[in-house]
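Residue-level structural notes
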Amino acid sequence: MKPDLSVEIAGLKLKNPVMTASGTFGYGLEYEPFFDIGQLGAIAVKGISLKPRPGNAPPRVIETPAGMLNAIGLQNVGVEAFINEKLPLLNKKGVTVIVNFFGNTDEEYVQLAEKLNGTEGIAALEMNISCPNVKEGGIVFGTDPKVAHDLTKKIKKVTTLPLIVKLSPNVTSIGEMAKSVEDAGADALSMINTITGMSIDIRKRKSKLANMTGGLSGPAIKPVAVRMVWEAAKAVKIPIIGIGGIMSAEDAIEFIIAGASAIQIGTANFINPSIALEIIKGIETFMLEEKIEKISHIIGSLSQ
Amino acid sequence: MMKYSNGKGKIISNREVAPDHYKMEVEAPTTFGEALPGQFVMVKVSDGVVPILRRPFGIFQTNKDRGSFEILYRKVGEGTRLLADIAPGVNLDILGPLGTGFDLDLSGDNPILIAGGVGIAPLYMLAKELVSAGKQVKVLFGSRGKNDLLVVDELKTLGIELLIATEDGSEGFKGYGTGLLEELLERGEEISSVYACGPEPMLEKVDKIAISHNLICQLSLEAIMACGFGVCLGCVVKTCTKDKDREFDYNRVCCEGPVFNAGEVIWDEA
Ligand SMILES: Cc1cc2nc3c(=O)[nH]c(=O)nc-3n(C[C@H](O)[C@H](O)[C@H](O)COP(=O)(O)OP(=O)(O)OC[C@H]3O[C@@H](n4cnc5c(N)ncnc54)[C@H](O)[C@@H]3O)c2cc1C
Ligand SMILES: Cc1cc2nc3c(=O)[nH]c(=O)nc-3n(C[C@H](O)[C@H](O)[C@H](O)COP(=O)(O)O)c2cc1C
Ligand code: FES
C-alpha cells in the first residue's frame, strides 16, 4: 500500500509535509529546470515587503563549517511585482503558495497582510518576525514575546488566510515565544529562522560579511532547531513546521518525531536543487520500511 | 527555460599542470556540449557537508567528440584542495552550464583577450571559438612569474598571438597584463574589442582603460556563490541602473553575469 504523506496545517491540506523555505527557493520558478514544483507540499516564497528592497552590500554569503552565514538583507521585488509578475506564473504550476512577508513597522506588516489577503492564489501567509523594528530602535520583533504577540494579533484582525508565524531562534525561551504567538491567534508556527552569527578574516581583521553579522543556516543548526521544535511543541497546540539544516529524509523525520507536522528545506536547495523531491521519496521509503501508514501518525511521537 | 543539468559526470583526468594549478576533464551530460565561453559549472567537491557549498569554475573547454568538458583551477583553499585529490573514475556532482557567456558578436576582427592567472580558463575557450570564426586574436597573459604561466603550449597551438606579462619580469613584458594593454593602445594597434578575466583589481583597471579609450569590452567577474543559479541572491555586484529612482542595482554574478560589459560594474573601495 502507498503510504499516506498528506498532512493538514492550519486548515491547509498538503499532499506531503515537504515545503521549501523562504529565501532559498526564489519565487519557485527558478527550480523548474530541475523538477516539477507542483509535487511539493507547498513553497514559501522569498520574503516580500511593501516596497522593493535592494538588499545589503556584498559580500553577502560565506561558508562556515557545515553551514553558511547570509546577510542578503531581504532583497525582494516588492509586493506589487510579486502579485503581478510572480504569483500568476506560480499558480499556473498548481503549487500551494505560502507568502512569506515582513515589515519594519507594525503598519507595514498590517498593510502587507491586507494587500495579500485580497489576492487570489495564496494559500497561507508566513510572517517573518526576525526583522528590526525601526520605530523601536531596531529591536527585532521576534525577540520580545509581547511585541510578537501584539503584532500577531493585529495581523489576525486583517486577514482570513491561515497565518503561520515564523519564529526567530535568537530568544531566551522559545516555548514562551511560541505560546505568546499562539495566544494571539497564530494558526501555525514555522521554526527556526537563521541563528545570528559572525565570521572574521583574521588577516584583514574584518568580518567576512559586509553587514558584519549574518544568519547561520544549514546542518550546523539542525540540533538547535530540533530542540526548539520539541520545546515549542510541548508549549503549544497549533501545528509546527520544522526548519533548520534538513538535508535528507532522515533529518525531516527527526523534526516530525520532535513535533513538527511539516518541514521546510532551506540551504539544501542550493546544494542539490532537486533535494526536495528526493526527500519526499525518502520519507515514503522510510514509511514503507517502518510500516507507517500515515505520516501524521508519527508527529510528536518521541518516546519519553 | 534554462538549459542546464544537475547530475554526475565521471572524472576522466585530473592533473597538476603548473604548481598548484590543475586541469580536470569530466564526462558531461549533453547540455554541456552547448556551453558558451564564459559560462561556468558548480562542482560539489565533497560528499559530506564540509565544505557544504558547491564551488564555481569557468569552463576551460568542451570536447564535443568525447562528450566531456574541462576546467582549469588553482588550489586556494579547502574546496580546491579536496578537488585536486579526487582520482579519475570518480563521479563528480556537477551543475551547469550556468551564467551568461561572452558575447562573440561584439568581437570585431581584432579582439584582445586579457587574462590574469587562472582567469585564462574561460578565455581559452573564447580564444578557440574566435579563431574558428576567423578573427585575429591576441591573448595578453599576465602572471606573477614564468613558473605561474598556464596552458601556454595549448594557447600557442590555437593560432593566436600570445603576449606575456610577468610581474617579476621573468618572461615577456615586465609588469601587469594591463600595462601591456596600455602599451598596445599607445602604439596605436588595431583593437576591435577586449575580453578580460582575472583578479578584481585587474578587471577594474581594464574597465577604466576600456572606458577611456571607448573600447568594446566584456569582463568576467567572480563572487562567492551559494547556489549559482539565481536563488540565494548571495553573489550580487553593484551595477549602474537605468532606473532614475535608484542609484544602483544589485545584479547576480551567477545569472546576469559572470560576464558584464565595461561601464556596467560599480567598483567599491573596499
Ligand atoms: C563564475 C566563477 C568562475 C570561476 N572560475 C574559476 C576557474 O576557472 N578556475 C579557478 O581556479 N577558480 C575559479 N573561480 C574561483 C573559485 O570558485 C574559487 O577559487 C573556489 O571556490 C575557492 O574554493 P576553496 O574552497 O578552495 O577556497 P575557500 O577556502 O573557500 O577560500 C579561499 C579563498 O578563495 C576565495 N573564494 C572562495 N570562494 C570563491 C568564489 N566563489 N569566487 C572567488 N573567490 C572565492 C575566498 O574568499 C578565499 O580568499 C571562479 C569563480 C567564479 C565565481
Ligand atoms: C540565503 C538565505 C535567505 C533567506 N531569506 C529568508 C527570507 O527572506 N525570509 C525568511 O523568513 N527566511 C529566510 N531565510 C531563512 C530560511 O528560510 C530558513 O529558515 C533557514 O535558512 C534555516 O533553514 P536551513 O538550515 O534549512 O537553511 C533565508 C535563508 C538563507 C540561507
Ligand atoms: S549564487 Fe545564488 S544567486 Fe547567484
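We now turn to the structure provided with this report. (Residues numbered from 1 in each chain as written. Chains lettered and ligands numbered in written order. Predicted model: local features only at pLDDT ≥ 70, side-chain atom pairs only at ≥ 80, totals over all residues. Heavy atoms only, no water.)

**Observations regarding the site of ligand 2**
Near ligand 2, the surroundings consist of 26 residues, among which S22(A), K166(A), G218(A), G245(A) and T267(A) are the closest. Bordering ligand 2 are residues originating from chains A and B. Here G47(A) contributes a backbone N or O atom positioned 3.3 Å from an oxygen atom of ligand 2. With respect to ligand 2, the side chain of N100(A) contributes an N or O atom lying 2.9 Å from an oxygen atom. With the chains in place, 98% of the 610 Å² that ligand 2 exposes on its own is no longer accessible. Residues of the shell around ligand 2, tallied by class, amount to nine nonpolar, 15 polar and two charged. (Near = heavy atom within 4 Å. Polar contact = N/O pair within 3.5 Å; in protein donor to acceptor, adjacent residues only side chain to side chain. Areas by Shrake-Rupley, 256 points an atom, 1.4 Å probe, with all protein chains shown as cover. Nonpolar A, V, L, I, M, F, W, Y, C, P; charged D, E, K, R; others polar.)

**What about a nonpolar patch on the surface?**
Residue and element names in this part refer to chain A. On the surface, M198, I200, I202 and M212 cluster together to form a nonpolar patch covering roughly 430 Å² of accessible area. The topology assignment puts M198 in strand β13 (residues 195-198). Owing to a relative accessible area of 45%, M198 belongs among the partly exposed residues under this scheme. (Patch = residues over 30% accessible without salt bridge, like charges linked within 9 Å, V, L, I, M, F, W, Y side chains within 5 Å. Salt bridge = Lys/Arg side-chain N within 4 Å of Asp/Glu carboxyl O. Helix = DSSP H or I, 4+ residues; strand = E, 2+ residues; numbered from the N terminus. Buried < 20%, exposed > 50% of the residue type's maximum accessible area, 1.4 Å probe, protein only.)

**Regarding the environment of N14(B)**
All names here are of chain B. Here N14 shows up in strand β1 (residues 5-18). Sequence separation between N14 and E247 is 233 residues, and the spatial gap between their C-alpha atoms is 45 Å. At 2.8 Å, the side chain of N14 forms a polar contact with the side chain of Y73. Within the structure, the side chain of N14 is placed 3.4 Å from the backbone oxygen of A84, a separation counted as a polar contact.

**Some details on helix α4 (residues 177-186) of chain B**
Residues and elements named next belong to chain B. For α4, a buried count of seven out of ten residues is recorded, marking the element as mostly surrounded by other parts of the structure. Taken as a whole, α4 has its buried residues at G177, T178, G179, L180, L181, L184 and L185. Buried residues along α4 sit in contact with β8 (111-116), β9 (138-143), β10 (161-166), β11 (173-174), β12 (193-197) and α5 (200-212). Once α4 finishes, G188 follows within two positions and takes phi at roughly 75 degrees, a positive value. (Contact = heavy atoms within 4.5 Å.)

**Structural notes on the site of ligand 1**
All names here are of chain B. Taken together, 19 residues lie near ligand 1, and R55, P56, R74, G79 and T80 sit nearest. Where the shell around ligand 1 is concerned, the elements lending two or more residues are β4 (55-58), β6 (68-74) and α1 (78-84). Residue contributions to the shell around ligand 1 peak at four residues, all from β4. Its residues placed into classes, the shell around ligand 1 shows eleven nonpolar, four polar and four charged.

**Considerations on the packing of helix α5 (residues 222-235) of chain A against helix α6 (residues 249-258) of chain A**
All names here are of chain A. The interhelical angle for the contact between α5 and α6, taken along N-to-C directions, is 25 degrees, at an axis separation of 8 Å. Put simply, α5 runs roughly parallel to α6. The way α5 lies across α6 gives a crossing that is right-handed. Only D251, E254, F255 and A258 of α6 make contact with α5, whose side of the interface consists of K222, A225, V226, V229, W230 and A233. Across the contact of α5 with α6, the residue classes tally to seven nonpolar, no polar and three charged. (Axes fitted to C-alpha atoms, helices over the stretch in contact; angles between N-to-C directions. Parallel < 35°, antiparallel > 145°, perpendicular 65-115°, else oblique. Left-handed = near helix turned anticlockwise from the far one by under 90°.)

Coordinates in, geometry out; function isn't part of it.
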